[in-house]
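# Examining the three-dimensional arrangement
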Amino acid sequence: MGSGVWREDTFRSYSRRVGRTVDSSGRLAGDMNNQEMFVARSLDPILNPRDVLRECCDSEEHPNTVPVILALDVTGSMGQAAVEVAKQLNVIMTELYNKVQDVEFMIMGIGDFAYDRAPLQVSQFESDIRIAEQLDKVYFEFGGGGNGYESYTAAWYFGVNHVKLDAWNRGKRGLIITMGDEGLNPYIPGRKLAEVTGRPVPGDVKTKTLYKAAIEKYDIYHLFVDHNTYYTDSYQKTWRNMLDKEHFRVVTINRIGDTIIDIVKNHAGRDNVARGRVELPMASGISW
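Here we summarise the structure given alongside this text.

Here the focus is the packing of helix α5 (residues 154–161) against helix α8 (residues 207–217). At a minimum axis distance of 10 Å, the contact between α5 and α8 shows a crossing angle of 45°. By the criterion of interaxial angle, the relationship of α5 to α8 is oblique. When you trace α5 past α8, the crossing you get is left-handed. Of the residues in α8, those touching α5 at Trp156, Tyr157 and Val160 are Thr207, Leu210, Tyr211, Ala213 and Ala214.

This part is about the pattern of salt bridges. The final tally for this structure, using the stated rule, is 16 salt bridges. Across the salt bridge formed by lysine 265 and glutamate 95, the nearest N and O atoms sit 3.4 Å from each other. Taken as a pair, lysine 265 in helix α10 (residues 256–269) and glutamate 95 in helix α3 (residues 79–99) lie far apart in primary sequence, 170 residues in all. Residue glutamate 95 is classed as partly exposed on the basis of its relative accessible area, which comes to 29%.

Let us look at unusual backbone geometry. The phi torsion at aspartate 51 lies on the positive side, around 55°, for a residue other than glycine. Relative to the helices and strands, aspartate 51 resides in the loop between α2 (34–37) and β1 (54–56). In this structure aspartate 51 comes out as exposed when scored by relative accessible area, which is 52%.

Let's shift gears to the nonpolar core. Grouped burial of nonpolar side chains is what soluble globular proteins tend to show. Of all hydrophobic cores here, the largest spans 47 residues; its most connected members are Val103, Phe105, Ile177 and Ile260. When contributions to this core are tallied by element, the ones reaching two or more residues are α1 (8–17), β2 (66–73), α3, β3 (103–110), α4 (130–135), β7 (174–180), β11 (218–225) and α10. Broken down by element, this core gets its largest block of residues, 10 residues, from α3. Val52, Trp168, Ile176 and Ala214 belong to the second largest nonpolar core, which has 42 residues in total.

Criteria and thresholds
Within each chain, residue numbers correspond to sequence positions counted from 1 in written order. Only residues with pLDDT of at least 70 are given local features in this predicted model, and only at 80 or more are side-chain atom pairs given and counted; all residues enter the totals for whole chains, interfaces and linings. Water and hydrogen atoms play no part in the side-chain values, which are based on all heavy atoms of the structure. An axis is simply a line fitted to the C-alpha atoms; with a helix, the fit covers only the stretch in contact. Between two such axes, the angle follows the N-to-C directions and lies from 0 to 180 degrees. Going along the chain from the N terminus, every DSSP run of H or I of four or more residues is numbered as a helix, and every run of E of two or more is numbered as a strand. Convention used here: angles under 35 degrees read as roughly parallel, angles over 145 as roughly antiparallel, angles from 65 to 115 as roughly perpendicular, and any remaining angle as oblique. By the definition used in this description, the sense in which the near helix is turned from the far one sets the handedness, with an anticlockwise turn below a right angle giving left-handed and a clockwise turn giving right-handed. Contacts are residue-level and defined by heavy atoms, with any inter-residue pair within 4.5 Å sufficient. Salt bridge, as used here, is a side-chain nitrogen of Lys or Arg placed within 4 Å of a carboxyl oxygen of Asp or Glu. Burial classes: relative accessible area under 20% of the type maximum marks a residue as buried, over 50% as exposed, and values in between as partly exposed (1.4 Å probe, protein chains only). What makes a nonpolar core is a set of buried Ala, Val, Leu, Ile, Met, Phe, Trp, Tyr and Cys residues whose side-chain atoms join them at distances within 4.5 Å.

Given below as structure tokens:
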């Protein structure tokens, strides 16, 4: 996986094949809603995280891979934000390849481990039109619950425990960008995590503990999509207790694409040194 390069003409051909139009700026045209853009009604086997290891490998074509995990909140309130990512994908990738030629993207769908049937979806790392093809397979369950957060840190957990990056062998960190509109979850329930990933998890995984392990291997960002809701301030506070101003960004829907481009370019231009592996202890005794 991860071979090939992003080409706008290929994206235009793919878009025509699936009945979409690309405008002169390179964006998908029209006012599609989330149900029109994301037509999957169940978890696609290609995105099933159970018993898989995702790899981002250096090659002759891409000798210095820049691995990016882009995790989208696929609960009810976030559909239009993901549509905007899909509409701007060609613009994002075309701009990035002008500056970061070895960038490779994994797309994740993040839901709620308490309420959803498919709370985690994971694509392969890709560098060409397969990014768009796999993004189109994401299942919007439109779930979530009333707990004030979704299971965003599942992206961190999967990145630490179910991913292999050749960038680590070069002393570099990967990049994780999560995107959503609720608070930072305090933990992930281990029982459900084991069920979803197919591997034993000794107990519930506390966010503070998980962050310490994840930051050794990844540069971590969160894009908080501001809908101006009553709970916005309290939700943002949970993130600011963990991430600094650089790594926690408040965005409107029309700024998502530019913000992703900015983060990836800055990450690729930094040292981003990966440190030694940190053992990840599990929290126990917490009920969901």
